[in-house]
Amino acid sequence: MAGWFSRRQFLINAGLAGLALKSPSLFANTSGTPSLSPIMRQIPGANESIPAIGMGTWITFNVGGDEQLVAQRTRVLKTFFDLGGTVVDGSPMYGTAADVIGEALDSLGAHDRIFAATKIWTGDESETRQEAARSGRRWGLDQFDLLQVHNLLGWQGHLETLKQMKANGDVRYIGITTSHGRRHREFAQIMEREPLDFVQLTYNVLDREVENRLLPLARERRIGVIVNRPFQGGSLFRRFQSEPLPDWVGEVGVSNWAEFFLKFIISHPAVTCAIPATSKVEHMKENMGALYGALPDADQRQRMADYVRSL
Amino acid sequence: MSGADWLSYSLQDFVMFGPQVFLRLFVRINQDLWPWQVLAVVAAIGIPVLLFRQGRNARCLAVGLMAVAWAVSGYGFLVGYFGPINWPAAWFGWAFVAQGVLLAAAMLFGGVHGGALSFGRFVALWLIVACGLPWLVLAESGQWQALALFGIAPGTTAAAGALIVAVITGPWRWLYLPLLVLWSLFSAAMFWVLQTSWLLVTPVATLLLVGAGFWLSPRPARSLD
């Protein structure tokens, strides 16, 4: 990864500068903070930062061999990179999503712009390396930045192998995932005793159970947190998009519901990165708007949660 | 995983593609097959014509065409196009091929009866299936290339195949039924999650047509006449 960060940062800044000239309103400075700086989060225990908004690929990138849709998803990924994103998360469980990401990375020549995260998803605990290698071929990568055990499936065996892979330099970071609030007790036990770099879990303005135990534990154990289902699988938009945003959210750099939901998440001090998924360029632009500007403080976060509950 | 974990899953968690991608499958296969759709149309017309011609061979040929339709829609659409984005679809694709083999075996080994069918009722229902159901995908997607033709699209093929229950005998019929029921339930659940409400008509129609197949089947007393 020598030289990787500086080149990536150069590309990000070049893209942002170009975009700012075309669409100044996207980066409107509402808080006095430098408007062109993406919100970066340090990976706990590592000398590396990543953008606080990443991209998930569940459902959205599973388009099979449809060339028209592959081209369209490539435009989504290009927009993501152009607006400063790097973290892309996938899983072998997501059908053809890995192949589509690989094809898009090839088209964009963007293999060096990505923080690549995928999962080990097999009940065969002896298959860890083979599955990582298969995923690497599909993404077109020699190695992943982050490998995670998907939904704790066969986690004991996979995690042991992942620790060895990390020690050998075959992967930079390792972790475990859950979603929909499942198996949190067991998840916490693993966080307490295993040397994890990341955990991935579900957190959004309505699903806040992780605030009680898992997020404080992640801070205590210096584990990075990737947040999936930030829009509750799209249901937050279906429920609230027709409602007006509160007047005061301009103070926290929010101009649409996507930014509202995402800034609520990434402003939690334990959260490293949220990974919304989308199949549309316009929605990607809205999501990436949350990577800039001010963030709500603790009081403002409470007002955001109260407002949503009041609707 | 514990039982409580499984209960925390919803149908939505098992559908890992969006409606746009699913509806595009019909457009893609029609574009790739063009102009061979004409063979599917000929088969859709030929099956009822052959069923009502005199002689056992004509009826067996009709069942043989239906067997080919099962296999082609299973291998072509389900394994080739749908399977890559949805693994269960590939399994169903192979089950469709097996259903075709089963029908062919019924045709060869005396599983097709020669009793008289009600021409008017059968043809009316067949026309509704072969000419009506293909338009539902078009209504859902808004693209005329998405026509779900008999012999290509699995839903239309299964619905038409349900009517063939009327000419299969005894144990062959009971072997033929499970896929019709399982496919209808699977596709109905999928369309429910995808919120493609027009498409729900096809699996519901398939289940009703299974009943119609029994209803149209000659009674033993009539067969003996």
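This one's a predicted model, so the numbers in the text were calculated from it and none came from an experiment.

**Q** Before we move on, can you summarise the overall build of chain B with the specific residues and values?
**A** Helix and strand counts for chain B stand at 11 helices and zero strands. Going residue by residue from the N terminus, the α and β elements of chain B occur as α-α-α-α-α-α-α-α-α-α-α. A compact globule built from 225 residues would reach a C-alpha radius of gyration of about 17 Å, and chain B, at 18 Å, matches this within 12%. In terms of its C-alpha atoms, chain B occupies a principal-axis envelope of roughly 55 × 45 × 25 Å. Scored against the burial criterion, the 225 residues of chain B give a buried share of 53%. Taking contacts inside chain B between residues at least 6 apart in sequence as the whole, the part at least 24 apart equals 77%. Taking the 9 positively charged and 5 negatively charged side chains of chain B as two groups, their mean positions are separated by 21 Å.

**Q** Please provide a residue-by-residue account of a negative patch on the surface, values included.
**A** Together, Glu 67, Glu 103 and Asp 106 of chain A together with Asp 32 of chain B make up a negatively charged patch on the protein surface. Secondary-structure assignment places Glu 103 of chain A in helix 3 (residues 97-108). When its relative accessible area of 41% is taken as the criterion, Glu 103 of chain A is described as partly exposed.

**Q** Tell me about helix 4 (residues 56-82) of chain B, residues and numbers included.
**A** When the terminal C-alpha atoms of helix 4 of chain B are compared, their 37 Å separation across 27 residues agrees well with the 39 Å that a helix rising 1.5 Å per residue should span. Helix geometry: helix 4 of chain B is bent most strongly at Gly 74 of chain B, by close to 25 degrees.

**Q** Could you give me a rundown of empty space enclosed by the protein, with the residues and numbers involved?
**A** If a probe as big as a water molecule is rolled over the atoms, it shows which places are left empty. All names here are of chain B. All chains considered together, the criterion is met by two cavities of 30 Å³ or more. For the largest cavity, the lining is made up of 19 residues, of which Phe 26, Gly 155, Thr 156, Phe 191 and Thr 202 are closest to its centre. Looking at the lining of the largest cavity, the elements that each hand over two or more residues are helix 2 (19-33), helix 4, helix 8 (154-163), helix 9 (170-194) and helix 10 (201-216). Sort the elements by how many residues they give to the lining of the largest cavity and helix 9 lands first, with four residues. Partitioned by chemical class, the residues of the lining of the largest cavity number 15 nonpolar, four polar and no charged.

**Q** For a nonpolar patch on the surface, give the residues involved together with the corresponding values.
**A** All names here are of chain B. Where nonpolar side chains cluster on the molecular surface, the patch consists of Leu 33, Trp 36, Val 38, Leu 39 and Val 42 and spans about 510 Å² of accessible area. Here the element with the most residues in the nonpolar patch is helix 3 (residues 37-51); it accounts for three residues. Its place among the elements puts Val 38 in helix 3. For Val 38, a relative accessible area of 48% gives the class partly exposed.

**Q** Explain the pairing of strand 6 (residues 146-149) of chain A to me, using residue names and the numbers behind them.
**A** Residues and elements named next belong to chain A. Residues Leu 146 and Gln 148 line one face of strand 6 and the alternating positions Leu 147 and Val 149 line the opposite face, and both faces are buried. Once the chain exits strand 5 (residues 115-120) it traverses helix 4 (residues 128-139) before rejoining the sheet at strand 6, and the crossover so formed is right-handed. As judged from the four bridges shared by strand 6 and strand 7 (residues 173-177), these two strands associate in the parallel manner. From the neighbouring strand, Gln 148 faces strand 7, where its bridge partner is Gly 175. Regarding the hand of the β-α-β motif, the stretch spanning strand 6, helix 5 (residues 155-167) and strand 7 is right-handed.

**Q** Got a sec to walk through the pattern of salt bridges? Specific residues and values, please.
**A** Residues and elements named next belong to chain A. One pass over the full model with this rule turns up 18 salt bridges over all chains. Between Arg 213 and Glu 192 there is a salt bridge; the shortest N-O distance is 2.1 Å. Taken together, the residues span a long stretch of sequence, with Arg 213 in the loop between strand 8 (198-202) and helix 7 (214-220) and Glu 192 in helix 6 (residues 184-193) at a distance of 21 residues. Its salt-bridge partner being Arg 309, residue Asp 306 comes within 2.7 Å of it at the nearest N-O pair. Separated by three residues within a single helix, Asp 306 and Arg 309 lie in helix 11 (residues 298-310), roughly one turn from each other. Residue class for Asp 306 comes out partly exposed when judged on its relative accessible area of 35%. In this structure, a network of salt bridges that share partners links the residues Glu 48, Asp 145 and Arg 172.

Cut-off values and rules
- Residues numbered from 1 in each chain as written.
- Chains lettered and ligands numbered in written order.
- Predicted model: local features only at pLDDT ≥ 70, side-chain atom pairs only at ≥ 80, totals over all residues.
- Heavy atoms only, no water.
- Helix = DSSP H or I, 4+ residues; strand = E, 2+ residues; numbered from the N terminus.
- Rg over C-alpha atoms; globule rule 2.2 N^0.38 Å.
- Buried < 20%, exposed > 50% of the residue type's maximum accessible area, 1.4 Å probe, protein only.
- Contact = heavy atoms within 4.5 Å.
- Lys, Arg positive; Asp, Glu negative; His and termini not counted.
- Charge placed at Lys NZ, Arg CZ, Asp CG, Glu CD.
- Patch = residues over 30% accessible without salt bridge, like charges linked within 9 Å, V, L, I, M, F, W, Y side chains within 5 Å.
- Areas by Shrake-Rupley, 256 points an atom, 1.4 Å probe, with all protein chains shown as cover.
- Salt bridge = Lys/Arg side-chain N within 4 Å of Asp/Glu carboxyl O.
- Expected span 1.5 Å × (residues − 1).
- Bend = angle between axes of the 7 residues up to and from the residue.
- 1 Å grid on protein atoms, 1.4 Å probe; cavity = no way out; pocket = protein on both sides within 12 Å on 5 of 7 lines; lining within 4 Å.
- Points joined across faces, edges and corners; volume = space filled by probe spheres on them.
- Nonpolar A, V, L, I, M, F, W, Y, C, P; charged D, E, K, R; others polar.
- Right-handed = clockwise from strand over helix to strand, strands pointing away.
- Pairing = 2+ DSSP bridges.

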